[in-house]
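Chains, contacts and geometry: an overview
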Amino acid sequence: MKPTVTLASTQTPDGATLTLHEHDGEFFLKVAGLQLMSTTAFSSEQQMAELSCVGLPTKPRILIGGLGFGFTLRRVLELTGPNAHVDVAELLPEIVDWNREFLKSINGTLVDDSRVKIEIRDVYEIIDRCGPAKYHTILLDVDNGPDPFVQLGNERLYKKSGLERIKGALHPKGRVVFWSAHQDKSFARLLEKYFTNVQCIGAKAYPKAKRFTHTLFVAERA
Ligand SMILES: C[S@@+](CC[C@H](N)C(=O)[O-])C[C@H]1O[C@@H](n2cnc3c(N)ncnc32)[C@H](O)[C@@H]1O
């Protein structure tokens, strides 16, 4: 049997241990011993890119919250032209380092793509300070949210203060897509107070999965 190797570990701002592992060519991240994501389950991460890159101009400005294993970033780059500008906000510098060091064969080289600017920052701060109408689309896959949260600090993104700021950061007709581990009708209702064309779309973890285990919340600025 092939061994599971622990490649690296760090602490999250909440004090939990985040670890990167490899088993038989598959990489996965664990928080406090529980699997957060894996390089074999990325369909919903790519679907969120497909839902967000609709009707973009030729020079789109895009914000991705959460690099992870870079599957969302890969699909965004595939769907946009050479003039796209993609800001990626990543809270943990180690995630970016691990992409360069251990995950080159997955999506690690994309962090150095000329269209991509990686910022080691909380995506909330970027949204708060970017100025009005900067982004044509914003993709948020930073947590299991709306509830419960892996990082407690992420709750504010899903509340009034976060949604007002996201709306302000979006270009008119711009879209935000939230990845979520589950359905949440009250979050959908809250989104409707700030955005139009709110949709809750079921998403599969694997291409051949039978069940839609995740939810993608899509919303547009009027
Ligand atoms: C589930 S992963 C993202 C997966 C990614 N969509 C992909 O395709 O691989 C969540 C990422 O968000 C980062 N993160 C968590 N909270 C954040 C925040 N407030 N701002 C920026 N990044 C954050 C985590 O460190 C982690 O890398």
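Check the entry above for the structure.
Keep in mind it's a predicted model, so treat the numbers as computed, not measured.

1. Digging into the pairing of strand E2 (residues 17–23)
Burial runs high along E2: five of the seven residues are buried. As defined by bridge partners, strand E1 (residues 4–11) adjoins E2 across seven bridges and the pair is classed as antiparallel. In the sheet register, Thr4 faces E2, and the bridge partner there is His23. Taking the residues that link successive antiparallel strands as the turn, the E1-E2 hairpin has five residues, and the phi of Gly15 there is positive, at about 90 degrees. Both E2 and strand E3 (residues 26–31) contribute to a ladder of six bridges, which runs antiparallel.

2. With respect to the pattern of salt bridges
A complete count under the given rule lists 14 salt bridges for this structure. Here Asp128 ties to Arg165 by a salt bridge, and the two come within 2.8 Å at their closest N and O atoms. Note that Asp128 is positioned in helix H4 (residues 123–129) and Arg165 in helix H5 (residues 160–169), a separation of 37 residues in sequence. Of the charged contacts, one joins Glu164 and Lys160 as a salt bridge, the two residues approaching to 3.1 Å between their closest N and O atoms. Separated by four residues within a single helix, Glu164 and Lys160 lie in helix H5, roughly one turn from each other.

Parameters at a glance
- Once a new chain begins, its residue numbering starts again from 1 and follows that chain's sequence as written.
- Note on the predicted model: pLDDT of at least 70 is required for a residue's local features to be given, and 80 or more for side-chain atom pairs to be given and counted; whole-chain, interface and lining totals, by contrast, use all residues.
- In computing side-chain properties, one takes all heavy atoms of the structure into account and sets aside hydrogens as well as water.
- Type-normalised accessible area, obtained with a 1.4 Å probe on protein chains alone, sets the label of each residue: buried when under 20%, exposed when over 50%, and partly exposed for intermediate values.
- Helix and strand assignments come from DSSP, with helices taken as H or I runs of at least 4 residues and strands as E runs of at least 2, each series counted from the N terminus.
- Here, a strand pair is defined by DSSP locating no fewer than two bridges between the strands.
- By definition here, a salt bridge exists when the distance from a side-chain nitrogen of Lys or Arg to a carboxyl oxygen of Asp or Glu is within 4 Å.

The values reported here are purely geometric and, on their own, carry no functional implication.
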